[in-house]
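Listed below, chain by chain, are the residues.
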Amino acid sequence: MTSPPSPADFARLPEAVAIIMDGNGRWAQERGLPRFKGHEVGAESVRAVTRECARLGIGELTLYAFSTENWRRPAQEVALLMTLLERYLVEERPEIMDNGIVFRAVGELDRLPASVQREYETTRAMSERNGGMVLRLALSYGGRRELLHAAQKVARVAVAEGLDAVERLGEDDLRQFLYDPTMRDPDLLIRTAGEMRVSNFLLWQASYAELHVADIAWPDFREAALHEALRAYGARARRFGGV
Ligand code: FPP
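Report follows, based on the coordinates.

How each quantity is defined
- Residues numbered from 1 in each chain as written.
- Predicted model: local features only at pLDDT ≥ 70, side-chain atom pairs only at ≥ 80, totals over all residues.
- Heavy atoms only, no water.
- 1 Å grid on protein atoms, 1.4 Å probe; cavity = no way out; pocket = protein on both sides within 12 Å on 5 of 7 lines; lining within 4 Å.
- Points joined across faces, edges and corners; volume = space filled by probe spheres on them.
- Helix = DSSP H or I, 4+ residues; strand = E, 2+ residues; numbered from the N terminus.
- Nonpolar A, V, L, I, M, F, W, Y, C, P; charged D, E, K, R; others polar.
- Contact = heavy atoms within 4.5 Å.
- Expected span 1.5 Å × (residues − 1).
- Near = heavy atom within 4 Å.
- Polar contact = N/O pair within 3.5 Å; in protein donor to acceptor, adjacent residues only side chain to side chain.
- Areas by Shrake-Rupley, 256 points an atom, 1.4 Å probe, with all protein chains shown as cover.
- Sits in = over half its atoms within 2 Å of the grid points.
- Phe/Tyr/Trp six-rings, centres within 6.5 Å; stacked < 30°, edge-to-face > 60°.
- Buried < 20%, exposed > 50% of the residue type's maximum accessible area, 1.4 Å probe, protein only.
- Core = buried A, V, L, I, M, F, W, Y, C linked by side-chain atoms within 4.5 Å.

### A word on the layout of surface pockets
Here is step 1: Its volume calculated, the largest pocket comes out at about 650 Å³.
Here is step 2: Together, 29 residues line the largest pocket, and Met 21, Asn 24, Tyr 64, Ala 65 and Asn 70 are the ones closest to its centre.
Here is step 3: Mapped onto the lining of the largest pocket, the elements with two or more residues apiece are α1 (24-30), α2 (35-56), β2 (60-67), α3 (75-91) and β4 (134-141).
Here is step 4: The class makeup of the residues in the lining of the largest pocket is 15 nonpolar, 8 polar and 6 charged.

### A closer look at the side chain of His 212
Here is step 1: Within the element layout of this structure, His 212 appears in strand β6 (residues 210-213).
Here is step 2: For His 212, the residues in contact, after removing those within four places along its chain, are Leu 188, Leu 189, Ile 190, Arg 191, Glu 228, Ala 229, Ala 232 and Arg 236.

### Some points on empty space enclosed by the protein
Here is step 1: Within the structure shown, the criterion is met by 1 cavity of 30 Å³ or more.
Here is step 2: Volume-wise, the largest cavity comes out at about 50 Å³.
Here is step 3: The wall of the largest cavity is formed by Arg 47, Thr 50, Arg 51, Tyr 88, Glu 92, Glu 95, Ile 96, Ile 101 and Leu 135.
Here is step 4: Broken down by secondary-structure element, the contributors of at least two residues to the lining of the largest cavity are α2 and α4 (93-98).
Here is step 5: Residue contributions to the lining of the largest cavity peak at 3 residues, all from α2.
Here is step 6: In terms of residue class, the lining of the largest cavity is made up of 4 nonpolar, 1 polar and 4 charged.

### Description of α2
Here is step 1: Its 22 residues give α2 an end-to-end C-alpha distance of 32 Å, which sits within 8% of 32 Å, the value for a rise of 1.5 Å per residue.
Here is step 2: Phi for Gly 57, located one or two positions after α2, is positive at around 85°.

### Some points on the site of the ligand
Here is step 1: Near the ligand you find 17 residues, and of these Met 21, Gly 25, Arg 26, Arg 35 and Arg 73 are the closest.
Here is step 2: Between the ligand and Gly 23 there is a distance of 3.3 Å, counted from an oxygen atom to a backbone nitrogen or oxygen.
Here is step 3: Between the ligand and Asn 24 there is a distance of 3.1 Å, counted from an oxygen atom to a backbone nitrogen or oxygen.
Here is step 4: A total of 610 Å² of accessible area belongs to the ligand in isolation, and the protein chains cover 92% of it.
Here is step 5: The site holding the ligand turns out to be the largest pocket.
Here is step 6: Broken down by secondary-structure element, the contributors of at least two residues to the shell around the ligand are α1, α2 and α3.
Here is step 7: Examining the composition of the shell around the ligand, we find that 4 residues originate from one element, α2, more than from any other.
Here is step 8: Partitioning the shell around the ligand into residue classes produces 7 nonpolar, 6 polar and 4 charged.

### Observations regarding the packing of aromatic side chains
Here is step 1: Taken as a whole and judged by the stated rule, the model has 7 aromatic pairs.
Here is step 2: Consider the rings of Tyr 64 and Phe 201, whose centres lie 4.2 Å apart with planes at 10°: the pair is stacked. On the criterion of sequence distance, the pair formed by Tyr 64 in strand β2 and Phe 201 in the loop between β5 (188-191) and β6 is long-range, its members being 137 residues apart. Take Tyr 64 and Phe 201: they sit in the same class, and that class is buried.
Here is step 3: On the basis of an interplanar angle of 75° and a centroid distance of 6.0 Å, the ring pair of Tyr 141 and Tyr 179 is categorised as edge-to-face. Residue Tyr 141 is located in strand β4, and its partner Tyr 179 is located in the loop between α8 (171-174) and β5; the two are separated by 38 residues in the primary sequence.
Here is step 4: Note on Tyr 141: relative accessible area 0%, which makes it buried.
Here is step 5: Taken together, Tyr 64, Tyr 141, Tyr 179 and Phe 201 form an aromatic cluster joined through their ring pairs.

### Considering the nonpolar core
Here is step 1: Counting 40 residues, the largest nonpolar core has Ile 19 and Leu 61 as its most contacted members.
Here is step 2: In terms of residue count, α3 provides more of this core than any other element does, 6 residues in total.
Here is step 3: What Leu 61 contacts, discounting residues up to four positions off in sequence, is Val 17, Ile 19, Val 49, Thr 50, Cys 53, Met 133, Val 134, Leu 135 and Arg 136.
Here is step 4: Counting 12 residues, the second largest nonpolar core, distinct from the first, contains Tyr 64, Val 106, Phe 201 and Ala 209.

Listed below in structure tokens is the structure:
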């Protein structure tokens, strides 16, 4: 058996990674299983990818776990996803603490069931003094809604401090109005299941992210697929609009 790669085996590792986890439903349907089974196996991919990113020393990992659009799914699927999420928030605590992970969430968290909010708060508070990778789940998250909320907060600045204060705002000042002002822009944005879309994810933060689309569905996305994405990232030249 070959040993797992070390950070030095990659030309350049991203500091921050974000992932659109797609294809759970199709993965299950292709196997004649209920869609929910795809989400369950997808939760195991969350575990494997989180552990591997932390082991490689990646600074931040942000996972698109539930979008604002996902509320439109059948009530039964939404309820099952919320149950799975709640279970994950409780069961992952030892793994989060053992790996020194700082756990956070971004999105309209007040729309989540009260029990999920409670378990989230416990996990977040428990991990806030850890010193390792930041694992962030996007929950009930939409990029446009995040920007709308930021605009509303700017309007409050206008009322409290006047239009001059608003006109002095620079791009980086806008960050303080986003859901998590401490979040780093992702260097690498991965999407699974072959779709070439950003799907309302991190519209502000991912402006210069390198995109990597994997053809496999999320439940099949494990360490080897992550390494492939990291190698592809290492081979890219990033110019941020320059030459
Ligand atoms: C996309 O598959 C995935 C989601 C809607 C949510 C992602 C959820 C998980 C990975 C499981 C739970 C997460 C945690 C953190 C425990 P899809 O249903 O859109 O797939 P499809 O496009 O094939 O229908």
